[in-house]
Every structure is written in structure tokens, then in C-alpha cells.
Amino acid sequence: MAKTLRLILGDQLNHQHSWFKEKNNDVTYILMEVMQEQEYVKHHVQKIVGFFAAMRTFSSELKSLGHQVIYYYLDNEENQQSFDANINWLIGKLNIDKFEYQFPDEYRLDEQLKSLCKTLKIKSNAVDTEHFFTYREEIKDFFKGKKQFLMENFYRYMRKKYHVLVDSNLKPVGGEWNFDHENRKKYDGKTPLKAPLAFNHDYTEILNMLKKQNVPCFGNINPKNFNYPTSRTQALKLLDYFCSDLLPAFGKYEDAMLKEHQTLFHSNLSFAINLKMISPLEVIQQVIKTWEFNQNDIDIASVEGFVRQIIGWREYMRGIYWAEMPAFATKNFLNQTAALPTWFWDGKVKMNCMKHCINNSLDNAYAHHIQRLMVIGNFALLAGSHPDEVDQWYLGVYIDAAEWVQITNTRGMSQFADGGIVGSKPYVASANYINKMSNYCKGCSYDKDKRYGDKACPFNSLYWNFYINHQEKLKNNQRISMMYRLIEKMEPLEIEKITQQATLYLADINNL
């Protein structure tokens, strides 16, 4: 009988994959912690600990089910610290006849494993991860011949294709396809906040290993109180908690931000989903079922808003990634060149909004989508930050960050470096938006109402300065034409004061 070696990557922890339906003593699974994956970008320490803990749990569970599993810890003497070296070593050691792997979700690893297989003297094969709703090229095929990849069109197609929140005539349940206009409320205190579900793991052993191996990382961690799910059982508990306790208020407040609360009504499921401990299909099925049995307490806007993130935005981001890589990773439409402020790494900043969002990221490896897009990403764009630096920070800092979903959100949606492939306009805002959606401005060192002068909020001058500096590239964009009409009506002296203030702030950006 031919002996097969199957590679499982750290974000392929899918118990439901067809690989595991039958036990076969001639099949050996290999999971490995390798320095290769710790060094291509500097990761948050909680991200590394979370991945390793989840991988170790998955490996143990496979073994308990009777599968043949080899697990390389980072500090194993036999570990050669790269996929290629370890696989080649094991093929010889175990007299392997065939090598198999699941399609990686990152272009970098996809290219590496394809190249590896070309060098092998045995048979090799790659199979689907059986996780996503779409195949890799589906977005590209769907939008073939179109100038713009409009997410809304793709989202409606997905709803119809999978019969999600549609009636027998494929019309949207609730009468509308998109209830985004109802998902933009500031938190008003009317719905009591609840603590996020925490799992309180002790991963001191993993952290000590990382230190001994001199693994490069940043961010903060309490190794005796690690709160993310690291098994499928825990991921399902988190899904249950979201559906029972958070879903009723999710939609209304999904864009809201609050100094006093880390997650508000967000599910915190993205880490578990992106590692494939649970599938996007079972997540939306349970959310919809919960709504169907509780329609008096849960409105359609909450359910549709969540479903849109999973079946729409998440799949759309993946499709753009595979349609546009590797060129996407080099795009810099606005020619931004500045370094990120030093406080992106230490959280020492006086702006309340940035202080809370950056420190939440450093302390918890977490920020929800509006904090990532409209506070942190907004500032990075207004400050002229190089998209390479922004990409690396976002990919490293968040526990759920994988390049296939991160880079399209960051370089595309957030930084407009793609020139409009993902978003049809730059997502920038002044202090007015941040004040509208949060309580960050209250008690801040800066004055949200001032464009320039003593203690003027940096967001205000940088906002107008951004439009003025990029006028040649943006003035013909119909979605922001109103901004240029407003600039045309400004007195020259007003423009001068704004740009002078912005110049002062940019020159002293590390001390804001």
C-alpha cells in the first residue's frame, strides 16, 4: 500500500474535511511550527500563541480519533524550520510514496508548495480546503468584462446561489437586499453591554518556548489568561454565545465604538473561522435559525448585516485577492511614502481615538472593522503612510489576520492604494465622524471642532490636507466631488491655515 504524507497548515484546522472521514494507517498527517512563518512578518505575540495552541489541540484531537499524526514543535531538534526542508526530510525518513496538501489561502505559500512539488520525485496532489463558499477564481469569472468589481452585485448573487435570506422567488427576505443604513448607530446605552465570552487558557509554556527560541513578536499578553477559542468545541460555544446574547443588538451597533468596552456586540468569531475550526456555512445557518425562532427580539437588519460580512464581504475579499495577486501587493496609487508613527508599536499617543484603538490592538490583538478602517486605517492614510508598512502592521497585529483577507482590506479598502479596485473612494473622515460613532472625543487632549490652532484635532487638518494634496488623482471621482466643491469655496487663507497645521502635525507625528 502506498504511503502518503499530508500537510496541514496552521489555518486548516477543519475537523469536517473529507480527509478525516476514514482512518488510514498508510496516511500520516504533519503539522509544524516553523520559524519560516514567524519571520516573514513580525506577528503579535497573541497571534503566534493562538495559532500554536489551536494547532496543538487539533493535532491531539486527530490522534485521539485514530489518525497517524506527526507534530513538530518549534523547538524540536528534528525541526528544520521550513515546510520544504521538513517535508523532504520526512519523505525520506518514512519512505513516503505520495505527498498531498490542501490549497493554501495565501499566495506566498501557494507558490512555495507548488514549487516544492515540482522538485519531488514522488507523486503529489493538492485538494480544496472545503471551507469557502466560492472557488478561487469565482469573483474573477463573475466580473469578467466588467470595469468595477461591485461587492453588492456579488453579494446578491451569493444570496441567490446559496438560498440565503431569500424566498422561493429568490427575492430578499425583508424586502431589501441590504440594511446597511440601519447598521450605523452610535451606542446609546439602551441595550446593556455584556462581557465577551472568554476561555482563560494558560499558555505560559508556549510563551516561554517563544522567548527561548527568540521568536520576533510584539504586543502584550497575559499567558495565564488567554481568551480566544483554540478548539472547535470552544468555537461552537462562542457561536452559541453570539447568537443567544449578542445578535439582537449586533446590527444596530456594529459600527459603534466605545472607550469602556472592547467588543460591544461583535461575535469575535473571526479567529476561529479563519483557522477553519468552524465553517462560514454553519455560522450563518445558526445565525439565521436563531433569528427565525426569535423574530420579535432580533430584527432582520442584524441578521442581514452579519450574513453580509460572512457570505458577502469575506468571500469578496478572497476573490479579489486571487484575482489580483501578486500585483496587488505592490500597488501604491497615491504614492504614499511616510513611515508609520512609532506609537503604532507602543500605543503612546495623546489622541483618544488612536490611543484606545491602538492599545486595544496591542493588548488584545483585536479591533473591530470600524476601528480598523475608520480610525487606525483612516489616520494612516491621512498621514501618507506607505502601504507596505500599513500592510505589515495589520497582518502582524490582529489574531485573525491572514493575507488573503487582510491585504485586500488594508491596501485596498483602507489605504486606497489599489486606486479603486475594492473601494470606489478613499475611506477618510474627520473628527466629526469619529465623534458621531464613539465617545472617544470626550475628554481628549485635542479639540474635535478645530481645524487648526492650539489643540486642534489632527484628523481635521489632515483630512482636508489629504484632499488638497491628492486633488489631481481624486478630483474626477464622482463619489467625492462634493469635497472638492467645498474646497473651491474655501478662502485661500483658510486653506493656507489648514495645510500649515497639517504640515506641523506631520513633521511631529511621533509626538501627537
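Not measured: the values here are computed from a predicted model.

*Asks:* Explain the overall build of the protein chain residue by residue, including any values.
*Replies:* A count of helical and extended segments in the protein chain gives 21 helices and 7 strands. A compact globule built from 512 residues would reach a C-alpha radius of gyration of about 24 Å, and the protein chain, at 24 Å, matches this within 12%. For the protein chain, the spread of C-alpha atoms along the three principal axes comes to 80 × 55 × 50 Å. When burial is assessed residue by residue, the protein chain has 57% of its 512 residues classed as buried. When contacts within the protein chain are restricted to residue pairs at least 6 apart in sequence, those whose partners lie at least 24 apart make up 76%.

*Asks:* Can you explain the pairing of strand β2 (residues 27–32)? Please cite residues and give values.
*Replies:* The element β2 is extensively covered by neighbouring structure, given that 6 of its 6 residues are classed as buried. In β2, alternate side chains face the same way, and those of Val27, Tyr29 and Leu31 on one face and Thr28, Ile30 and Met32 on the other are all buried. Bridge count between strand β1 (residues 4–7) and β2: 4 bridges; the pairing is parallel. The residue of β2 that forms the bridge with leucine 5 is threonine 28. For β2 and strand β4 (residues 68–72), the ladder comprises 5 bridges, and the chain directions are parallel. Across the sheet, residue methionine 32 finds its bridge partner in β4, namely tyrosine 72.

*Asks:* Got a sec to walk through the state of the cysteines? Specific residues and values, please.
*Replies:* Considering all chains together, one arrives at 0 disulfides under this definition. The thiol of cysteine 457 is unpaired, and the distance to the nearest cysteine sulfur, on cysteine 353, comes to 6.2 Å.

*Asks:* Got a sec to walk through the packing of aromatic side chains? Specific residues and values, please.
*Replies:* Counted under the stated rule, the structure contains 41 aromatic pairs. Ring centres of phenylalanine 142 and phenylalanine 143 lie 4.8 Å apart, and the angle between their planes is 85°; this geometry places the pair in the edge-to-face category. Exposure remark for phenylalanine 142: the relative accessible area of 28% places this residue in the partly exposed category. Above the ring of tyrosine 40, the side-chain terminus of arginine 108 is found at 3.6 Å from the ring centroid.

*Asks:* How would you summarise the side chain of asparagine 460 if you had to cite specific residues and measurements?
*Replies:* With respect to the element layout, asparagine 460 can be found in helix α18 (residues 458–469). The class of asparagine 460 is buried, set by a relative accessible area of 6%. A polar atom in the side chain of asparagine 460 sits 2.9 Å from the backbone oxygen of lysine 448. Not counting chain neighbours up to four residues away, the residues in contact with asparagine 460 comprise Ser430, Ala431, Asp447, Lys448, Asp449, Lys450 and Arg451.

*Asks:* Can you break down the packing of helix α14 (residues 369–382) against α18 residue by residue, with the values?
*Replies:* Between α14 and α18, the shortest axis-to-axis distance is 9 Å and the interhelical angle comes to 55°. Considered as vectors, α14 and α18 are oriented oblique to each other. The two elements α14 and α18 cross, and the hand of that crossing is left-handed. Here Val375, Asn378, Phe379, Leu381 and Leu382 of α14 come into contact with α18, specifically with Phe459, Leu462, Tyr463 and Phe466. Taken together, the residues of the contact of α14 with α18 sort by class into 8 nonpolar, 1 polar and no charged.

*Asks:* Lay out unusual backbone geometry with the relevant residues and their values.
*Replies:* Look at the link from methionine 325 to proline 326: it is a cis peptide, with omega at 5°. With respect to the helices and strands, the residue proline 326 is situated in the loop between α11 (300–324) and α12 (343–346). Positioned with a positive phi, asparagine 214 is a non-glycine residue whose angle comes to about 55°. The residue asparagine 214 is located in the loop between α7 (204–212) and β7 (217–218) in this model. Of note, the phi angle at alanine 365 is positive, near 55°, even though the residue is not glycine. Along the chain, alanine 365 turns up in the loop between α13 (352–364) and α14.

*Asks:* So what's going on with the nonpolar core? Residues and values would help.
*Replies:* Counting 156 residues, the largest nonpolar core has Leu210, Tyr316, Met354, Phe379 and Trp393 as its most contacted members. The element best represented in this core is α11, accounting for 13 residues. Excluding anything up to four places from it in sequence, phenylalanine 379 contacts Pro341, Trp343, Met351, Met354, Phe459, Leu462, Ile509 and Leu512.

*Asks:* An account of empty space enclosed by the protein is requested, with residue identities and associated values reported.
*Replies:* Inspection of every chain in the model, using the stated rule, returns 5 cavities of 30 Å³ or more. The volume enclosed by the largest cavity comes to roughly 350 Å³. As for the largest cavity, its lining consists of 23 residues, and the residues nearest its centre are Gly10, Asp11, Glu37, Tyr40 and Phe51. Put simply, the parts of the chain that give the lining of the largest cavity at least two residues each are α1 (36–39), α2 (45–64) and α4 (107–119). Residue contributions to the lining of the largest cavity peak at 5 residues, all from α2.

*Asks:* Residue-level account of the packing of helix α8 (residues 232–253) against α11, with values.
*Replies:* At a minimum axis distance of 7 Å, the contact between α8 and α11 shows a crossing angle of 95°. With respect to α11, the axis of α8 lies roughly perpendicular. Where α8 approaches α11, its residues Phe242, Leu247, Pro248, Ala249, Phe250, Gly251 and Lys252 are matched on the opposing element by Ala301, Ser302, Gly305, Phe306 and Gln309.

*Asks:* Report on the sheet that holds strand β5 (residues 98–102), specifying residues and quantitative values.
*Replies:* Pairing is parallel in the open sheet, where 5 strands are placed in the order β4-β2-β1-β5-β6. With partners counted over all chains shown, the strands left at the sheet margins are β4 and β6 (123–127), one partner each. Neighbour to neighbour, the strand axes of the sheet diverge by 20° on average, direction disregarded. Sheet topology note: the β1/β5 ladder contains 4 bridges and is parallel. The residue of β5 that forms the bridge with arginine 6 is glutamate 100. Taken strand by strand, α2 contacts β2 and β4, and its axis lies near 155° from that of β4. Sitting on the sheet, α4 is in contact with β1, β5 and β6, with an inclination near 170° to β5.

The rules behind the values
Residues numbered from 1 in each chain as written. Predicted model: local features only at pLDDT ≥ 70, side-chain atom pairs only at ≥ 80, totals over all residues. Heavy atoms only, no water. Helix = DSSP H or I, 4+ residues; strand = E, 2+ residues; numbered from the N terminus. Rg over C-alpha atoms; globule rule 2.2 N^0.38 Å. Buried < 20%, exposed > 50% of the residue type's maximum accessible area, 1.4 Å probe, protein only. Contact = heavy atoms within 4.5 Å. Pairing = 2+ DSSP bridges. Disulfide = S-S within 2.5 Å. Phe/Tyr/Trp six-rings, centres within 6.5 Å; stacked < 30°, edge-to-face > 60°. Lys NZ or Arg CZ within 6 Å of the ring centre and 35° of its normal. Polar contact = N/O pair within 3.5 Å; in protein donor to acceptor, adjacent residues only side chain to side chain. Axes fitted to C-alpha atoms, helices over the stretch in contact; angles between N-to-C directions. Parallel < 35°, antiparallel > 145°, perpendicular 65-115°, else oblique. Left-handed = near helix turned anticlockwise from the far one by under 90°. Nonpolar A, V, L, I, M, F, W, Y, C, P; charged D, E, K, R; others polar. Core = buried A, V, L, I, M, F, W, Y, C linked by side-chain atoms within 4.5 Å. 1 Å grid on protein atoms, 1.4 Å probe; cavity = no way out; pocket = protein on both sides within 12 Å on 5 of 7 lines; lining within 4 Å. Points joined across faces, edges and corners; volume = space filled by probe spheres on them.

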